[in-house]
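Fold and contact review
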Amino acid sequence: MTEKPDKTVNNLIDELKERAKELNCLYEVQETLTQPGINQDEALQRIIQVIPPGWQYPEICVSRIKLGNKTYQSENYQKTPWVLHSDIIVQDQVEGQISVNYLEEKPELHEGPFLREERRLINTVADQLGNYLLQYRLQDLFNKKAKDSTEPDTGWRVVLSLLKKTDPDLLITTARKMVHHLCDHGIKEAEGLWTLFSSAYREDRDILEANFPYQFKVDKEAVGTLDSVFDLAEKYLEQDEIFSSIQQWIREDQTGFLVNTLVQPGRSLSEILNALDRFILLAEQGLELSEARKQSVKMALIRRLLSTHESYVQSAKKHIEIQDIHKLSDKMIYQSGSHGKLGGKGAGIFLAMEVIHKALRNQSLFKKVKTPKTWYIVSDVIFSYIEQNNLEEIIEHKYLNIGEIRQEYPYLIHVFKNAPLPPEIIKGLSVALDDFGDVPLIVRSSSLLEDQAGMSFAGKYKSLFVSNQGTKEERLASLADAIAEVYASLFGPDPIEYRYEHQLIDHHEEMGILIQEVVGQRVGPYYFPAFAGVAFSQNEFRWSGRIKKEDGLVRLVPGLGTRAVDRLTDDYPIMVAPGQPNLRLNSTLEETLRYSPRKIDVINLEKGTFESINIDQFLKEYGQVYPGVKKLVSVISEDQTRIPAGLGPDFENDKLVFTFDGLFTQTEFLSLLRTVLTELEEKLDHPIDIEFACDGDDFYLLQCRSQSYGDENIPAEIPAAIPDDELIFSASRYITNGTIPNISHIVYVDPTAYNQISTREEMLDVGRAIGRLNQILTKRRFILMGPGRWGSRGDIKLGVNVTYSDISNTAALIEIAQKKGEYTPDLSFGTHFFQDLVESSIRYLPIYPHHKGVRFNREFFTQTKNIFQELVPDYAHLEDTIHVIDVKTSSQGSLLHILMNAEKNLAVAILDEEKKTLVTPSPTLKRGDRRIREDHWRWRFQTAEQLAANLDPARFGVQGIYLFGSTKNATAGPQSDIDLIIHFTGTEKQKEDLKLWLEGWSLSLDEINRRRTGYTTGGLLNVIFVSDEDIKNRTSYAVKIGATTDAAFPLPLGTDKG
Amino acid sequence: MSDSSYNPYTMAQKQFDNAAELLDLDQATRDFLRVPMREYQFSIPVRMDDGSIKVFRGFRVQHNDARGPSKGGIRFHPQETINTVRALSMWMTWKCAVVDIPLGGGKGGVICDPHNLSLNEQERLCRGWVRCLAKNVGPLSDVPAPDVMTNSQHMLWMLDEYETIHGGKYPGFITGKPVGMGGSLGRTEATGYGVMITVREAMKELGIDIQKTTASFQGFGNVSQYAIELYQQMGGTPICVSCWIQKEGKAYSFVKKDGFDLERLREITNHFGEIDKEKAQDQGFEVLDSGAWLEQDVDLLVPAALENQITGESVPRISKQVKIIAEGANGPTTPEADEVIKERGILVIPDFLANAGGVTCSYFEQVQSNQNYFWAKEEILGKLDLKMTDAYLAVSKFAKTNKIYMRDAAYMISVERVSKACQARGWV
C-alpha cells in the first residue's frame, strides 16, 4: 500500500459522515415502509423525499420511482446524464425502477459521480421496495377477502388463483404443506395426495432405496390438479384455519432468501448479514416462521457466525435467538468478502451474556450484572491483512523450528506493527471508537482453536490494553497498532509450541479480535476497576474438607484482573469459595497479611501505560477516592483485622490490607457470583470459568469459557483393574483432577516412626533433612509423603516442621491421616502454605489409609531399599523415619504415576513404565501427546561436554566434573539449569579463577538459551564444588558421585595441556 | 509404642525433677508440683452454619495457683492433646514466678482447626468454651489469654459470654483484649524492652558502659525491633541484624560496622520483619549470609528469631569480644552450645527471664482491668522496668550465691518461689 496510514485516517472522518447519511436514509426508508396504516402512494411519495439527503450532494440530488404506470418524483426532477438506476423486483418480475440523479456535474467516482456505497444504497432501497410491494399486495388481498367473506371460500381461493398465475412454485410448496398439515390431522385421504408431487410416491417404496438413480417422471399437470388438495382441506378444516395457514406459508416463503444465503458456503458475511437485516425487517412487519425454519436459520447463523464446535452449538441453540445474532451484527467489523467468525473468546462471551441476560428476566439479583461494550473483528480479516501487506510467508512460519520462530518473533512484531490494516477495517474501528468514546480498551485475541473444549490457550495469545486517549486519529492509530500486535501473536513461539504439544499445529487457525471497554473509573491519573478477578464454577483447590467442588472458587484482586488471572509467585490474590464464603483461607493475622495482594495493576491515562503499583503507597495517595474501598480493605488493629466502620479508614496512618471482608460479609457480591456461576454452568452444561470486574457500582462479566484445565489438571482416566503389586496406594477423599506422571523418587516419612521420635530436636531434624532432599532430588520428579500436617509449627508432633522452601521442588505433597486409636487426625490441606502450592502448581493429596476400600501398601514404603542414608549421610539417624525410594531401581524400571479423578473421587498411585506422554488422555477429552522436547536436554548435554573438554584441569585444580539433575536425566526443559559437580582440589586462588571462568560460560550459555527458548535464568550453570573430604565422607552432593541411584555422570575433562 | 514418643509433658516433668533435686525439695512438694492441681476436659457442642451440630473437645489445666490466679492462653489447635496443655500450663507457673508476679500457671485449648470454621462458628465455640467453665475460671481464679490461632476477637467473645453468665462487668477475666476494650498499652514494646532492661542490668553488674557497646541481633520481628529501639535509646550501637526472606526461603545478615539507624531500617521493612535487600544496600548495609550475625565482633548478641540457632557447630564462631547473650527467642541455644558458652564465661540471660516482659504486661492488663483504671504507656513501661530489673537482679544474685549457671538459676528460683507459696499455705 502506497498511501500512508495517517492519510487514510484523515480521509476517514469525511467518509464516516457519508456513511452516517446513508444509514440515516436507509433507516428513514425502512421506517416509512413499516409505518402502520400508510398506503402505497403516501409511502412512495415520502420515500422520494428521504432519498436525496442520503447522497453525497443532497442539494443537487433528485429521485424518481416508476412503478407500473405510476410515477413518483421529486418536485424539481429532471433527467440528467448523472444518474443511478435500480430495478424494483417483485417476485422475480421487474415491476418498476428507481432513479437518483444529480442536477450538476460532479467529479468522477466509482460509478459516474457516485460512490460505491451509493450504488449499494440504491440497490438496498429497491430491494426494500420490492419486498414492501409484495407484502402490500398480499396484505391488501387478505384484507379484502377477510372483509367480504360472505362467501367463505373466496378469500383463500383468490390467493391461490393469484399464486397459480404469478408463482406456481409457491403454490406447489403451499399445497405440499397443506398435505402435511392434513396428514398431521390424521386425515387418511390426504396420504393419497402425495402422488401429486412426485411420481416416486406411486412406485414401490423400495425404489428410493435402490442403488441406481431414480428416474423421475415430471408431472406437468401438477399445478392444475392441486385443487384436489385444497378441496380436501375444505372438507375437513375450518375456513379460518385454511386461510391463516396459507397466509403463514406464503410469508414464510419470503424468507427463502435467508435460507438460501445461509446454506451456501460461498456467501460472504456481508451477504449473510444483509439477508439477516432483511429478515429482521420482515419479522418486524409481523412475519412468523415455523419452528422448523426458525431452528434451521438459527443453527445456520450460529455455525456461520459464532462457532462450529459441537458442544457450543448445542448450548447456543438453547439460549440464542435470531434477533440476538442480529443485534450482535451491529458490533461486528468485517470486510465485504469476509467469511469469518467471532472466534472462541468472542463466541464464549456472547453466549454467556445471552444466558445472563435471559436469566435477568427472572432474577432480581442479575439486574446488577452487566457486560462491557464489546466489538468484534471477525476471524479471517487477519488473512486479508496478511495478503494486503504481502506477508504470505508468515503462514508457513509455524513449520520452522521453534528456535527460529523465537528468534524471528521480535522482528515479526515489528513488521506487523508497520503494516496497515485494511481500510474497511479501519472504518469499522472508527465507528467502534465513536461508540466507545475515550474509555480505555482491551484488545483480546479470539482464535478459532481457543474454543475447543479443554484447550487452554490462556495467555498464549496476546491481550493488550490501550489507554485510548488523545485525538480520534491518535486513538485509532494506537488501537490499530494493538490489533496488529495481537495478530502477530498468532505466530508467536509460545502458542506454536503449545499447538505442537497438543497436535494442533496442522489445524487451521484464524484469529478474531475482541475489543472490549475496560471496566473502571478514573482515579488521579489512573484508570482501573475497584476490583476484578476470575471465578471457577468447580473448585479444584479446596483448603478445607468442608468445601465441596461445586462451591466454586474466586480469585480476587484490587484493580485490573491481570494479577488474578496469572499465577505470580510473589503476590497473592484473595481466594474464597462462593459456596462456603465463611470458610476463609486465612485464619490468623499473619496468614492474612502474608497472602494478600501487594500490588495493583492500573492503566496510567496520562502516560498511556500499564503499571503495577505498590498497594500501600497507592492507598496512601488515592485511598480517599478509591471507589468502594471501605468494603475492600481491612484495618490492621493490634492482632486482628477489622472492616472499617463509620467514616472509613485513615489512609494516612492506618495500616491497611486488602481482604474484601466488607464485600464478602456486607454485600450480595458472593451470592451474586455464585448464582452467576451456577446459572452459567447449568445452562451451558459444563463447568465454566469467568473473568469479571466491578467499577465500584456494577458487576461486569468480561469473559466466560468452559473451565480450562492446565495440562496437569485434566481428570485422569483410572484403569479399572490394577494388579495389587502395581497399586501402591489409593485415596478417596477430597480428590482433585490431574496426573502426576513419572515420579522417580518417593520421600516417605513413616507416621508410626515419626510418632515415636522422643525429642523435639530430632523432629526438627526430620524437617531439615526434607529440606536437604528437596535440594538434591530432581525438581517435580519426586513426591513427599508424611504424617498429618506438613508445615506444622509449635506442636510439631502433628506433622513435619518444614517451610515452603523446604518442599518447593516436590511434585506433590501428600498427607497421611493415620488413625490413632479412635481418633483420625485432621489434615492441613496444605493450609500452611496453601497458596504457595497453588501458585506453583504443587499438587496436594490427603490419604486416609484405614478407610474402607483404600489401599495403602505400607510395606512398599518401609521394606523397599531405602537410599536416604546415601543421599544425606549426616542425618543417617533418621533412617527409620525417612525413607527415600528410588522407584526405577526398586521396581524393575517402572516409575510411579499418580492418577487423580475428582468425578470418581478416586486417586491411585501405580507403578508403570515411563510415560512418554505427560498427559493421560481421558476418553471424553481428546488430547494430544505432550512430548518432552528432546533438544532441551540434548543441547545441554553437549554443551556440558564441551565445557568439560575446554576446562584445563591443571590450571584450575580440578579432578573431575560430573553432570547430574535434569540434563543428565534427559528431562531438561527450556528453563532448566545445567547441574554440575566439580571435584576440586586446588587453591583458593584457583577456585576464584575457576568461578570467574565458569561465570563467563554460565552467562553466555544463558544468553544462547534465551535465544533458543525465550527463557532467561540469569546464568545457566549450577555448579557445586566438592572436596576430597566430601567424597571420602560421602557428604553433600559428593554422594551423587558413583551413587547407586541417579548417579552423577562423569564428563571427560580437557586433555592436560600443561 | 507411645511410651517412647516425644511427649512435652514428660519433658516438663523431667525438667522439674532436675530442679527439685537441686533444690532438695521434699517428696510431698515434688508430688504436688509435678502434676497439675486441676484439669478440666469437656465437650462443647456447637451449632454449625449449616444447622448441624459438631462436638468439640475442650481443655483447661490449672497447674498451680498458690501464688495467685492461674494465667495462660487458650489454643485452637487441630491436634491439641491434654499432655501438651499440661506441659504448657506448668511452664506458665514457672514463667510467672521468675518475674515474681502474683499469678499461677494455666493453659487451655480446643481441638479444632480455625481454617475449617467460619467466624460465626468460632464465636459459638468460644462462647461454648466459657459456658462449660464459667464456674471454674474468673478474674480471681483463672485468667485466660490469646495463644495459638486465637486473638483479641476470641477473647472478647469469651469475656462477653462470661459477663452475661455472671451478670456484671469483669474485664479482669481475660487478657489480650484490644486497647480501649480493656486492653493494656505497651504490649507491643513489652517483650523487646524487657530483654534490653535485663541487658542493661547485666552490663551494670559487669561494669560495662552500654554507650560503648555494639550489638548484633538475630531476627527483625517485634521483639528484636523494640529491643534495638531501647538499646539505641540507651546509647548502644547496633551494627548487625539478620532477617528471614520468605520469598527466597533464606535468611540474610545486614551489617553496618559503624552502626545503623533503626528508624531508617524500619522504613524498608515489611510487616513480617523482612528487610528489602536492595534498599538496605543503598543505605550502606553489607548483605551477608544468614550466619554472619553470630560472627560479628560485638559485645552483645541477641538471638530473637528461632529456637536452636546457637548450636555446637556454630558456637565456636562467636567472637571473643562477646560478653552477653540475651535470649529474646525461646530456646535459641542448644545444650551442647550451652556447655561451650558456660566454659567461655559469656553471661547468658536465659529466654525464660529475658523475654518475660510479655507475661508481665499481661499481668498489668489484668491489674488495670480489675481496678477498671487504665494507665498511660509511660506508667506501664516504668513498672515494667521495675519488675524486670528486680527479676534480673534476683536471678543473678541466686546464680552468684549458689554458683550456678544463669539458666539453672532462673528455673530454680521459680520452683523455689512456687514451692514456698504452697508450703506457706500449708498445702504441703
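It should be emphasised that the depicted structure is a prediction, and the values quoted were computed from it without experimental measurement.

In this section: the overall build of chain A. Helix and strand counts for chain A stand at 37 helices and 35 strands. Sequence separation of at least 24 residues holds for 72% of the intrachain contacts in chain A that already meet a minimum separation of 6.

Once that is clear, we can look at the sheet that holds strand 31 (residues 906-912) of chain A. Residue and element names in this part refer to chain A. On the basis of which strands lie adjacent, the open sheet formed by 4 strands has the order 23-31-30-24 and antiparallel pairing. This sheet does not close on itself; its edge strands, each paired only once, are strand 23 (727-731) and strand 24 (738-743). The sheet shows a mean angle of 10 degrees between the axes of neighbouring strands, taken without regard to direction. Of the pairings in the sheet, the one linking strand 23 to strand 31 comprises 4 bridges and is antiparallel in character. For L727, the partnering residue across the bridge sits in strand 31 and is I910.

Residue and element names in this part refer to chain B. Here Y9 lies in helix 1 (residues 8-23). Assessed through the 20 C-beta atoms surrounding it within 10 Å, Y9 is described here as buried. Each C-alpha atom, one on Y9 and one on I111, is 18 Å from the other, the two residues being 102 residues apart in sequence.

This brings us to the domain arrangement of chain B. Segmenting chain B into domains produces domain 1 (37-173) and domain 2 (187-354). Inter-centroid distance (C-alpha atoms) of domain 1 of chain B to domain 2 of chain B is 34 Å.

With that out of the way, let us pick up the confidence of the model for chain A. Residue and element names in this part refer to chain A. For chain A, the mean per-residue pLDDT works out to 81, and 87% of the residues sit at or above 70. Looking across chain A, the model is least confident in helix 7 (residues 222-225), with a mean pLDDT of 60, and most confident in strand 12 (residues 526-528), with 95. A low-confidence stretch, residues 1-5 (pLDDT under 50), is modelled with 4 contacts involving residues beyond four sequence positions or located in other chains. Predicted confidence is poor over residues 917-933, with pLDDT under 50, and the contacts of this stretch with residues over four places away or in other chains come to 37 contacts.

Moving on: the interface of chain B and chain A. Facing 29 residues of chain B, the contacting portion of chain A comprises 37 residues. Looking at the side of chain B that touches chain A, the elements with two or more residues in it are helix 4 (119-133) and helix 5 (152-166) of chain B. Its residues assigned to classes, the side of chain B that touches chain A comprises 11 nonpolar, 15 polar and 3 charged.

Residues and elements named next belong to chain B. It is the contact of helix 6 (residues 187-206) with helix 14 (residues 377-402), at a shortest axis distance of 9 Å, that shows an interaxial angle of 45 degrees. Taken together, the axis directions place helix 6 and helix 14 in an arrangement best described as oblique. At the point where helix 6 passes helix 14, the crossing takes the right-handed sense. The residues of helix 14 that touch helix 6, namely those facing E189, A190, Y193, G194, I197, T198, E201, A202 and E205, are L381, L384, D385, M388, T389, Y392, L393 and S396. Here the contact of helix 6 with helix 14 is composed, by residue class, of 9 nonpolar, 4 polar and 4 charged.

Moving on: helix 17 (residues 402-417) of chain A. All names here are of chain A. End to end, helix 17 covers 22 Å across 16 residues, agreeing with the expected 22 Å (1.5 Å per residue, within 8%). Of all the bends found along helix 17, the most pronounced is centred on Y409 and spans about 45 degrees, while P410, a proline, follows it within four residues. Of the residues making up helix 17, those classed as buried are I405, R406 and F416.

The biggest cluster of nonpolar side chains holds 217 residues, and the ones touching the most others in it are A:I483, A:Y487, A:L701, A:I746, A:V747 and A:I783. The biggest single contributor to this core is helix 19 (residues 472-488) of chain A, with 9 residues. When sequence neighbours within four positions are dropped, the list of residues in contact with A:I783 reads A:I743, A:I746, A:V747, A:T810, A:A811, A:A812 and A:I814. Judged by nonpolar contacts, the second largest core, of 98 residues, contains B:M92, B:V98, B:I275 and B:C361.

Note on sheets: strands pair through backbone hydrogen bonds, and any given pair is parallel or antiparallel. All names here are of chain A. Judged by pairing direction, the sheet is mixed, and its 6 strands sit side by side in the order 6-22-21-13-14-15 without closing on themselves. Bordering the open sheet on either side are strand 6 (369-370) and strand 15 (574-576), each of which pairs with just one other strand. Sheet topology places strand 21 (residues 688-694) next to strand 22 (residues 699-706); 7 bridges connect them, and they run antiparallel. Its bridge partner being in strand 22, I690 is matched across the sheet by C704. Contacting strand 6, strand 13 (531-536), strand 14 (553-558), strand 15, strand 21 and strand 22, helix 25 (residues 669-684) runs over the sheet at an angle of about 145 degrees to strand 21.

What counts and what doesn't
Residues numbered from 1 in each chain as written. Chains lettered and ligands numbered in written order. Predicted model: local features only at pLDDT ≥ 70, side-chain atom pairs only at ≥ 80, totals over all residues. Helix = DSSP H or I, 4+ residues; strand = E, 2+ residues; numbered from the N terminus. Contact = placed C-beta atoms within 7 Å. Pairing = 2+ DSSP bridges. Axes fitted to C-alpha atoms, helices over the stretch in contact; angles between N-to-C directions. Buried ≥ 20, exposed ≤ 12 C-beta atoms within 10 Å, placed from the backbone. Domains from an automatic or database assignment. pLDDT = per-residue confidence, 0-100. Nonpolar A, V, L, I, M, F, W, Y, C, P; charged D, E, K, R; others polar. Parallel < 35°, antiparallel > 145°, perpendicular 65-115°, else oblique. Left-handed = near helix turned anticlockwise from the far one by under 90°. Expected span 1.5 Å × (residues − 1). Bend = angle between axes of the 7 residues up to and from the residue. Core = buried A, V, L, I, M, F, W, Y, C linked by C-beta atoms within 7 Å.

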